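Chain by chain, the residues:
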Amino acid sequence: MNRTKGDEEEYWNSSKFKAFTFDDEDDELSQLKESKRAVNSLRDFVDDDDDDDLERVSWSGEPVGSRTRPGSFQSLSDALSDAPAKSYAPELGRPKGEYRDYSNDWSPSDTVRRLRKGKVCSLERFRSLQDKLQLLEEAVSMHDGNVITAVLIFLKRTLSKEILFRELEVRQVALRHLIHFLKEIGDQKLLLDLFRFLDRTEELALSHYREHLNIQDPETRKEFLKTCIGLPFSAEDSAHIQDHYTLLERQIIIEANDRHLESAGQTEIFRKHPRKASILNMPLVTTLFYSCFYHYTEAEGTFSSPINLKKTFKIPDKQYVLTALAARAKLRAWHDVDALFTTKNWLGYTKKRAPIGFHRVVEILHKNSAPVQILQEYVNLVEDVDTKLNLATKFKCHEVVIDTCRDLKDRQQLLAYRSKVEKGSAEEEKIDAILCSSQIRWKN
């Protein structure tokens, strides 16, 4: 997409564009890896800051560019004007009203210094390739990203792209600034041409992939993603693109089916809980939550089955359990919650097991207004005694606190807790009976 002078001025005038810095990281992979990264970030559903034990995938590009002094110019038009900017001063011996333009006397070094100070300055006098390249080298030597970019915009406008690419290939700092600028303004066509010239095939593939963001129609986007599958990505990135295509393909099928079910009005879950948004183009974790909410009991062979999604996208048990728990607890489907943590061994004995830790289960259940009886059951399953007592006290699980203090033979803590229960209640009577028991050898 070709950009006009007005588009380039918007780069400087709009706050949505970032200044280029030595420390900036290329975040293109954030879109490419959205599904996998979203699966590894479940805070939106569980509201839990303690996620150190979740498996995570970290994506980062290589740092590019040079130190930038942000905001050198009020606007691009202040620094670069189509008509030469004149500096008028009267000269001795000239008739009144006759002036001389001193801007033509400025060397590349003087011009760059003026640009760096944010002063009005024309670059049009630099006509030869040698002068333009000297201007660029002076800008790079200043280590000012805004000035470098301003000069690059001038070169982009006044040089053929073949000459521009050839000269920048041996000037890596300026090259990185141009790549960053083209990404910021969304000039995909010139960026693709540049990557082809540089024979940077993986970046070329990535830039091609990014074009899917401009495609709104789901079917068209799906077909475009299909064309990206065979491009020269790394093995890891290729797997992510395949997942992206598969996920969108799956979402299109689910969306069409659910829209029909909802409009028919004969499916209880859609009548009780109308959908708030389309599932199309949502991250993988959102799709899994949606599936656990609306399609939890479906057979594994269906595209909308949560188990099918788990196996297709290799979602770890811990992340699957967190998402399923959040969805079923929101529906107050306590039987499903119980089944989620119940395992059976080969002898047929059942046992509760939580790969995310029962302390997190309790927090999520409380967030979804689980009854005290259910909370108490899961608080009792917390292995660490201090954590168990803290949770039981916090959520008023009186039975758990009383029984734990009794088992610890902690008379003082039990006495202190007695003041927190309702007077004349069954809990107060139970505490009094325990305190009067002669069979307990208290430790304090």
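Residues numbered from 1 in each chain as written. Predicted model: local features only at pLDDT ≥ 70, side-chain atom pairs only at ≥ 80, totals over all residues. Heavy atoms only, no water.

**A closer look at the overall build of the protein chain**
Per the secondary structure count, the protein chain includes 25 helices and 2 strands. The buried share among the 444 residues of the protein chain stands at 45%. A separation of at least 24 residues holds for 61% of the contacts in the protein chain among residues at least 6 apart in sequence. Carbon and sulfur atoms provide 48% of the accessible area of the protein chain, an area that totals close to 23,700 Å². (Helix = DSSP H or I, 4+ residues; strand = E, 2+ residues; numbered from the N terminus. Buried < 20%, exposed > 50% of the residue type's maximum accessible area, 1.4 Å probe, protein only. Contact = heavy atoms within 4.5 Å. Areas by Shrake-Rupley, 256 points an atom, 1.4 Å probe, with all protein chains shown as cover.)

**Here's the deal with helix H10 (residues 172–185)**
The end-to-end C-alpha distance of H10, which contains 14 residues, comes to 20 Å, matching closely the 20 Å that a straight helix rising 1.5 Å per residue would cover. Buried residues dominate H10, accounting for 11 of its 14 residues. Within H10 the residues assigned to the buried category are Ala174, Leu175, His177, Leu178, Ile179, His180, Phe181, Leu182, Lys183, Glu184 and Ile185. Once H10 ends, the next one or two residues include Gly186, with phi positive near 75 degrees. (Expected span 1.5 Å × (residues − 1).)

**A few points about helix H13 (residues 218–228)**
Each full turn of the α-helix corresponds to 3.6 residues, which orients residues three or four apart in the same direction. Along H13, the positions that sit buried rather than exposed are Arg221, Lys222, Phe224, Leu225 and Cys228. End-on view of H13: buried residues confined to an arc of 165 degrees, all on one side of the axis. Of the surrounding secondary structure, the elements contacted by the buried residues of H13 are helix H12 (201–210) and helix H14 (235–264). (Arc of directions from axis to C-beta.)

**Things to note about the nonpolar core**
Counting residues in hydrophobic clusters, the biggest one holds 58 residues, and the most contacted among them are Leu325, Phe341, Val361, Leu365, Tyr378 and Leu414. When residues in this core are grouped by element, the largest group, 8 residues, is from helix H18 (residues 317–330). Those residues within four positions of Tyr378 in sequence are excluded, and the remaining contacts are Val337, Asp338, Phe341, Lys352, Phe358, Val361, Val362 and Leu365. In terms of nonpolar packing, the next biggest core, distinct from the first, is built from 33 residues, Leu135, Leu136, Val151 and Leu191 among them. (Core = buried A, V, L, I, M, F, W, Y, C linked by side-chain atoms within 4.5 Å.)

**Side note on the packing of helix H9 (residues 161–169) against helix H11 (residues 188–198)**
Here H9 crosses H11 at 55 degrees, and the two axes come no closer than 10 Å. The angle between H9 and H11 falls in the class oblique. By crossing handedness, the relation of H9 to H11 is classed as right-handed. Where H9 approaches H11, its residues Lys161, Phe165, Arg166 and Glu169 are matched on the opposing element by Lys189, Leu190, Asp193, Leu194, Phe197 and Leu198. Its residues placed into classes, the contact of H9 with H11 shows 5 nonpolar, no polar and 5 charged. (Axes fitted to C-alpha atoms, helices over the stretch in contact; angles between N-to-C directions. Parallel < 35°, antiparallel > 145°, perpendicular 65-115°, else oblique. Left-handed = near helix turned anticlockwise from the far one by under 90°. Nonpolar A, V, L, I, M, F, W, Y, C, P; charged D, E, K, R; others polar.)

**Re a nonpolar patch on the surface**
Among the surface-exposed residues, Trp346, Leu347 and Tyr349 lie close enough to one another that they form a single nonpolar patch of about 480 Å² accessible area. Among the residues examined, Trp346 registers a relative accessible area of 79% and is labelled exposed. (Patch = residues over 30% accessible without salt bridge, like charges linked within 9 Å, V, L, I, M, F, W, Y side chains within 5 Å. Salt bridge = Lys/Arg side-chain N within 4 Å of Asp/Glu carboxyl O.)

**Concerning the environment of Lys443**
Here Lys443 is to be found in the segment after helix H25 (426–435). In this structure, Lys443 is in contact with Leu408, Lys409 and Asp410, ignoring residues within four places of it in sequence.

**What about the pattern of salt bridges?**
Overall, the coordinates contain 28 salt bridges when judged by the stated rule. In this structure, Arg157 engages Glu124 in a salt bridge whose closest nitrogen and oxygen atoms are separated by 2.9 Å. On the criterion of sequence distance, the pair formed by Arg157 in helix H8 (residues 145–158) and Glu124 in the loop between helix H6 (108–116) and helix H7 (129–141) is long-range, its members being 33 residues apart. For Arg171, the salt bridge is made with Glu167, and the minimal N-O distance between the two is 2.9 Å. A residue is classified by how much of its surface remains accessible, and Arg171, at 18% relative accessible area, is buried. Take Glu167: its relative accessible area is 14%, and that puts it in the buried class. Overlapping salt bridges, with partners in common, bring together Glu399, Asp403, Arg406, Asp407 and Lys430 in one network.

**A look at the confidence of the model for the protein chain**
Across the protein chain, the average pLDDT comes to 80, with 76% of residues at 70 or higher. Ignoring residues within four places in sequence, the model shows residues 11–32, a span with pLDDT below 50, making 68 contacts including any to other chains. Low confidence marks residues 34–101, where pLDDT is under 50. Its contacts with residues over four positions away, or in another chain, come to 159 contacts. (pLDDT = per-residue confidence, 0-100.)

**So, the packing of aromatic side chains**
Per the stated rule, a full pass over the model turns up 8 aromatic pairs. Considering the side-chain rings of Phe165 and Phe197, the 5.8 Å spacing of their centres and the 50 degrees angle between planes classify their relative orientation as tilted. Placement of the pair is Phe165 in helix H9 and Phe197 in helix H11, with a sequence separation of 32 residues. With relative accessibility at 36%, the residue Phe197 sits in the partly exposed group. Connected via pairs of aromatic rings, a cluster forms that spans Phe270, Phe289, Tyr290, Phe293 and Tyr294. (Phe/Tyr/Trp six-rings, centres within 6.5 Å; stacked < 30°, edge-to-face > 60°.)

**Examining unusual backbone geometry**
Its identity as a non-glycine residue notwithstanding, Lys314 has a phi of 55 degrees, on the positive side. By the element assignment, Lys314 lies in the loop between helix H17 (306–312) and H18.

**So, the side chain of Asp336**
The residue Asp336 is located in helix H19 (residues 334–341) in this model. Sequence-distant contacts of Asp336, defined by excluding residues within four places in its chain, comprise Tyr296 and Arg328.

**A look at the packing of H7 against H8**
One can describe the packing of H7 onto H8 by two numbers: an axis separation of 8 Å at closest approach and a directional angle of 160 degrees. Relative to H8, H7 is oriented roughly antiparallel. Along this stretch, H7 crosses H8, giving a crossing that reads as left-handed. From H7, Lys132, Leu135, Leu136, Ala139 and Val140 reach across to H8, where they touch Val147, Ile148, Val151, Leu152, Phe154, Leu155 and Thr158. Looking at the contact of H7 with H8, its residues break down into 10 nonpolar, 1 polar and 1 charged.

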